[in-house]
Amino acid sequence: MNDRDALALLRAAIPSADRETWADLGAGGGTFTRALAALVGPSGHVIAVDADERALAGLRRWADALRGGPAVTLLRADIAGAFDLPPVDGVVMANVLHFIAEPEAALARIAAHLEPGGRLVLIEYEGRRPSRWVPYPVSAARFAEFAAGAGLAPPRVAATRPSAFGGHLYVAVATRAMA
């Protein structure tokens, strides 16, 4: 997926994020980190979280060269377990929840970092069977179950698109209840 496609998917779920703080969990090469940077604008803040130091090194080079963009913080952490994250306006998890053996527990921990009214955007494969590339598939219906257990409102699917790997991707957004 390229940066333009990632931005289009996020815009379907996040119409407005100007000046907000968002986290990209499982940032990898930074495709969605860069898309978030465009969405939050120069007064926003993006926190890229990944367990892979090499991935973060590549993002560090991009962030260091970024001029006139948002603040970018890099955090090395395994999002499958507990990790330190300040309260955020939103979280993006693109093709990452399907790698977590206990997605319900992880989603509950992650949702706790959302400000009241904060949004969690999940990008996953619909209709995939378990494989080494998608060991723990998370359909939109399963995400709805996990969201309820994490204190999130019922998610809405904001976009779908064919996947290069078969089936399709969905983009769903769920909001944390207001306090």
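Note that this is a predicted model, so its numbers are computed, not measured.

**Q** Explanation requested: unusual backbone geometry in the structure shown.
**A** Trans is the prevailing form of peptide bonds, just as negative phi is the prevailing case for residues other than glycine. Not every positive phi belongs to a glycine, and R19 is a case in point at roughly 70 degrees. Note that R19 resides in the loop between α1 (3-13) and β1 (21-25). Positive phi, normally seen in glycine, also occurs at N95, with a value near 55 degrees. Looking at the secondary structure, you find N95 in the loop between β4 (88-94) and α4 (103-111). Residue class for N95 comes out partly exposed when judged on its relative accessible area of 24%.

**Q** Help me understand the packing of α4 against helix α5 (residues 140-149), please; the structure alone is not making it clear to me.
**A** Geometry of a packed helix pair, given as the angle between the helix axes and the separation of the axes. Where α4 contacts α5, the two axes come as close as 9 Å, and the packing angle between them is 55 degrees. Here α4 is positioned oblique relative to α5, judged by the angle of their axes. As for the relative orientation of α4 and α5, their crossing is right-handed in sense. For the pair α4 and α5, the contacting residues are P103, E104 and L107 in the first and R142, F143, F146 and A147 in the second.

Rules behind the numbers
Residues numbered from 1 in each chain as written. Predicted model: local features only at pLDDT ≥ 70, side-chain atom pairs only at ≥ 80, totals over all residues. Heavy atoms only, no water. Helix = DSSP H or I, 4+ residues; strand = E, 2+ residues; numbered from the N terminus. Buried < 20%, exposed > 50% of the residue type's maximum accessible area, 1.4 Å probe, protein only. Axes fitted to C-alpha atoms, helices over the stretch in contact; angles between N-to-C directions. Parallel < 35°, antiparallel > 145°, perpendicular 65-115°, else oblique. Left-handed = near helix turned anticlockwise from the far one by under 90°. Contact = heavy atoms within 4.5 Å.

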